[in-house]
Amino acid sequence: MDVSLTLWMLTVLGLGILIGADFLIGRTPHDVSVKEAGIWTVVWIVLAALFGLGLLVFGNGQASQEFFAGFITEKSLSVDNLFVFVLIMAKFAVPSHLQQRVLLVGVLIALALRTIFIAAGAAIITSFSWVFFLFGAFLIYTAWKLIQEARKDEGSAEEEFEENRLLKSVEKKFGVADRYHGTKLFIRDNGKRVLTPLMVVMLAIGTTDVLFALDSIPAIFGLTQDPYIVFTANAFALMGLRQLYFLIGGLLKKLVHLSYGLSVILGFIGVKLVLHALHESGVHVPQISIPVSLGVICGVLVITTITSLTASKKQAAADETGARRETIDA
């Protein structure tokens, strides 16, 4: 898809206006209700759908299909981020009324860092076609590793978030206040300017997302090599993540098979990338079309959700039965 500089500028401006409106509406710290989160989740999904339809009308069917496949993939992979976000919020004991501000700024940091990744990925792909082999192999390896971790974590105790080296070095250099100070990011402590815990949490959210980008960016490049579609799909997926956190926060623990579903999606896209790389190298191999990719991704997510909720329901019933038996025995 041929995208002019003007269209790029208008797209960034449009996203900036939407983000600004979202920020102004939620500028006052407050506890986000399920109703509010639900409304905004629907708004961002509708906006993404309208953008995809706009690509169909003013662009072409291929671009529209690639956007929807990329958006759904990034959205599903971003749900996995929410598990870590929950751990980060618990680690830093973020007050409930400040969590929506933390997520908004944290996601903006993540989007800025992902934009750098996307630009680098597009430049590498343009210059070196063999990188598709590397991306494909990496996604297949990540899929296998995800399955191994999911099997290892079954029945284990809840994880705790561990700060990365970058975050620790920032805390050591600037210092951190001993408590939250509303929405302030910096304060003066004995004449020295130090970070507030709120700023540290925002940095934790943003920098931690980079680790997830290591598999999600190659994954979407496996569906489209158009930087414009890669960027917009990531933007719409990330900007709805804050509301999704409050909407399905309690549901996350019930998605027990999510890691397995994501591993299938990553493995599938990895195979697609390898086939594409072989085709580009002159080897006659079948290629997986975008409609097929879209169908597989949606199908895996639906099946994963159904099996997860079914398994969670059975486990809850078994736990309830066990609790009753313990009560009777006592």
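My aim in this report is to walk through the structure given alongside it, one point at a time. (Residues numbered from 1 in each chain as written. Predicted model: local features only at pLDDT ≥ 70, side-chain atom pairs only at ≥ 80, totals over all residues. Heavy atoms only, no water.)

Further remarks concern the packing of aromatic side chains. Inspection of every chain in the model, using the stated rule, returns ten aromatic pairs. Judged by centre distance (6.5 Å) and plane angle (65°), the ring pair of W44 and F236 falls under edge-to-face. Residue W44 is located in helix α2 (residues 34-58), and its partner F236 is located in helix α8 (residues 227-239); the two are separated by 192 residues in the primary sequence. Residues W44 and F236 agree in their burial class; the two are buried. A ring pair is formed by Y245 and F246, whose centres lie 5.1 Å apart and whose planes are at 90°; its orientation type is edge-to-face. Residue classification places F246 among the buried positions, given a relative accessible area of 17%. (Phe/Tyr/Trp six-rings, centres within 6.5 Å; stacked < 30°, edge-to-face > 60°. Helix = DSSP H or I, 4+ residues; strand = E, 2+ residues; numbered from the N terminus. Buried < 20%, exposed > 50% of the residue type's maximum accessible area, 1.4 Å probe, protein only.)

On to the environment of A317. Mapped onto the elements of the fold, A317 is located in helix α11 (residues 290-329). Its relative accessible area of 41% is what places A317 among the partly exposed residues. Residues A317 and K172, spaced 145 residues apart in sequence, show a C-alpha to C-alpha distance of 48 Å.

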